[in-house]
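Structural description and commentary
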Amino acid sequence: MSSDSKQYLIVGSGLIGRLLTWRLLRLGHSVDLLSRDDKQGSDSAGFIAAAMVSPATEAISTEPMVKEIGLKSLALWPQWLAELPEPIFYQNNGTLVVAHAGDQAEIARFTRRAQHTLDNDDFSVLDKQQLSEKESGLAEQFDQALFFEQESCLDNRHLYQLLTDILTQDKHCNWQQCEDILQLSKESITSLSKQYFERSYDDYDEVIDCRGNGAKHDLTGLRSVRGEVIRVHAPEVDFKHAIRLIHPRYPFYLAPRPNNEYVLGATVIESDDMSEVSVRSGLELMSALYSLHKGFAEARVLEMSAHCRPAMVDNMPTIKRTEWGFQINGFYRHGYLFSPAIINDFLKILDGNLGQLSFGDYYHA
Ligand SMILES: Cc1cc2nc3c(=O)[nH]c(=O)nc-3n(C[C@H](O)[C@H](O)[C@H](O)COP(=O)(O)OP(=O)(O)OC[C@H]3O[C@@H](n4cnc5c(N)ncnc54)[C@H](O)[C@@H]3O)c2cc1C
């Protein structure tokens, strides 16, 4: 290894932990990765996520900076995915936004916000004929749609699996599963790293906390926002786009997966409850699904799952310096939307190149 190579400890092997480990390994560094999660990642919000990369439609309900960070990630994802050992499903045909007759006031409001927040060429309004040409299956139910071209989604389960393979096979990565780590300090890090890696705190160039929701004892203001999703196999439905269904309570997304599988999510509930999907949410998710296309009637439910999104007060990510290392957290609904852009910035922070940050607002030294 080169003399510039560093030894990192990363805590948490969810979306951010495993992506960051992968990028650091590619740069020639070594990583000890410690997490309560299994190698599959089933305790991580990123494992059940719809994995939409939707800069414009998310910015409409949040803030313009979301679009800016998201567009940077949208450009980076294909480059990152091309570095994986095999292709994964990445659909960048854009998002169609539709609403049922009863929700016309909602879509009118959404359209006004889009006009106010976005540029004119970020989206177009499609009539029934144009919608039919783009997604004939949707035109059976809807007379018009908004079309956002620069949006994508990816097969997060395949991504997790490939990253697991890469990390477990790389001799510069030592990945151990551990008990819940409630609080980090130089002392607790020494004790954990002795137990799992035969090292101490001083052996690491940096310690990086990627515990998501699990970092609450160390990160003031971190909260959890529950989300529930349904995953189905629908041989009778063949959508080529991601679809957003305007709904008075939740921003529902239908994210396609290979082989006629779809993920529909997600509820947004201010709660740290990680228990199973409620009957009410299950009914709402299923009726939203069936209302999009009658072919979903005979779809098979593969999974219904719930997890919590880690969020700060402003729902934007944060990178914080502590006396023992870095915390990178608060990705909320935007782990896939933000991670390549924010991780690239974080790599510059690790290198001390603060002047080159794209989104320095989220770095608290
Ligand atoms: C229902 C749902 C749908 C979503 N859809 C999208 C979407 O379409 N697009 C998008 O961009 N984002 C989406 N997200 C958001 C995205 O999944 C999160 O922003 C992202 O996963 C956050 O990454 P993270 O690594 O910080 O946390 P996580 O992915 O949750 O990973 C945290 C890891 O740390 C480990 N850990 C936690 N606590 C401890 C502890 N105390 N000790 C040791 N290890 C610990 C966990 O086991 C886990 O492996 C969605 C989230 C949900 C819940």
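The rules behind these values
- Residues numbered from 1 in each chain as written.
- Predicted model: local features only at pLDDT ≥ 70, side-chain atom pairs only at ≥ 80, totals over all residues.
- Helix = DSSP H or I, 4+ residues; strand = E, 2+ residues; numbered from the N terminus.
- Rg over C-alpha atoms; globule rule 2.2 N^0.38 Å.
- Buried ≥ 20, exposed ≤ 12 C-beta atoms within 10 Å, placed from the backbone.
- Contact = placed C-beta atoms within 7 Å.
- Near = placed C-beta within 6 Å.
- Nonpolar A, V, L, I, M, F, W, Y, C, P; charged D, E, K, R; others polar.
- Domains from an automatic or database assignment.
- Pairing = 2+ DSSP bridges.
- Axes fitted to C-alpha atoms, helices over the stretch in contact; angles between N-to-C directions.
- Parallel < 35°, antiparallel > 145°, perpendicular 65-115°, else oblique.
- Left-handed = near helix turned anticlockwise from the far one by under 90°.

This part covers the overall build of the chain. Helix and strand content of the chain: eleven helices and 19 strands. On C-alpha atoms alone, the chain measures out to a radius of gyration of 21 Å, which is about the 21 Å that the 2.2 N^0.38 rule sets for 365 residues. Over its C-alpha atoms, taken along the principal directions, the chain stretches across nearly 65 × 40 × 40 Å. Here the chain holds 365 residues, and the buried ones make up 47% of them. Put simply, of all contacts in the chain between residues at least 6 apart along the chain, 73% involve residues at least 24 apart.

Right, let's talk about the site of the ligand for a bit. Around the ligand sit 42 residues in total, of which Gly-14, Gly-212, Gly-214, Gly-227 and Gly-335 are the nearest. When residues of the shell around the ligand are traced back to their parent elements, those giving at least two are α1 (15-26), α2 (45-48), β11 (223-233), β16 (300-311) and α11 (335-350). Split by residue class, the shell around the ligand holds 18 nonpolar, 17 polar and seven charged. Counting only domains with at least three residues in the shell around the ligand, you end up with domain 1 (7-47 + 157-218 + 316-364) and domain 2 (95-149 + 223-311).

We now examine the sheet that holds strand β19 (residues 363-364). Strand order across the open sheet formed by seven strands is β9-β2-β1-β10-β18-β17-β19, with mixed pairing between neighbours. Looking at strand neighbours, the two that pair on one side only are β9 (173-177) and β19, the edges of this open sheet. As judged from the five bridges shared by strand β1 (residues 7-11) and strand β2 (residues 30-35), these two strands associate in the parallel manner. Paired with Val-11 across the bridge in β2 is Leu-34. Packing of α1 onto the sheet brings it into contact with β1, β2, β9, β10 (206-209) and β18 (326-329), and relative to β2 it is tilted by some 165°. Helix α9 (residues 186-197) rests against β1, β2, β9 and β10 of the sheet, and its axis sits at about 100° to β2.

Right, let's get into the sheet that holds strand β4 (residues 90-91). Taken in spatial order, the three strands of this open sheet run β3-β8-β4, and their pairing is antiparallel. Looking along the sheet, the strands with just one partner apiece sit at the ends: β3 (52-53) and β4. The pairing of β3 with strand β8 (residues 152-154) spans two bridges and is classified as antiparallel. Across the sheet, residue Val-53 finds its bridge partner in β8, namely Ser-152.

What follows concerns the packing of α1 against helix α8 (residues 156-169). Where α1 meets α8, the closest approach of the two axes is 10 Å, and the angle between their N-to-C directions is 50°. In terms of orientation, α1 and α8 fall into the oblique class. Of the two elements, α1 crosses α8, and the hand of that crossing is left-handed. Facing α1, whose interface residues are Arg-18, Thr-21 and Trp-22, α8 presents Leu-163, Ile-166 and Leu-167. Its residues assigned to classes, the contact of α1 with α8 shows four nonpolar, one polar and one charged.

Before going further, it helps to examine the environment of Gln-195. Turning to its location among the elements, Gln-195 is positioned in helix α9. Gln-195 sits in the exposed class, given 12 other C-beta atoms within 10 Å. Sequence separation between Gln-195 and Gln-141 is 54 residues; the distance between their C-alpha atoms is 59 Å.

What follows concerns the domain arrangement of the chain. With domains assigned, the chain is organised as domain 1 (7-47 + 157-218 + 316-364) and domain 2 (95-149 + 223-311). For domain 1 and domain 2, the distance between their C-alpha centroids amounts to 31 Å. Of the residues in the side of domain 1 that touches domain 2, the class split is three nonpolar, four polar and one charged.

For the rest of this paragraph, the subject is the environment of Glu-236. Within the element layout of this structure, Glu-236 appears in the loop between β11 and β12 (242-245). Once you skip the residues sitting within four places of it in the chain, Glu-236 turns out to touch Gly-295 and Glu-298.

Right, let's talk about unusual backbone geometry for a bit. In this structure, Ala-266 follows Gly-265 across a cis peptide bond, with omega equal to -5°. Assignment of secondary structure puts Ala-266 in the loop between β14 (261-265) and β15 (269-270). Of note, Asn-315 is a non-glycine position whose phi angle comes to about 60°, a positive value. Note on placement: Asn-315 falls in the loop between β16 and β17 (318-321). The partly exposed category is assigned to Asn-315, around which 17 C-beta atoms lie within 10 Å. At Tyr-332, a residue that is not glycine, the phi angle is positive and equals roughly 50°. Relative to the helices and strands, Tyr-332 is located in the loop between β18 and α11.

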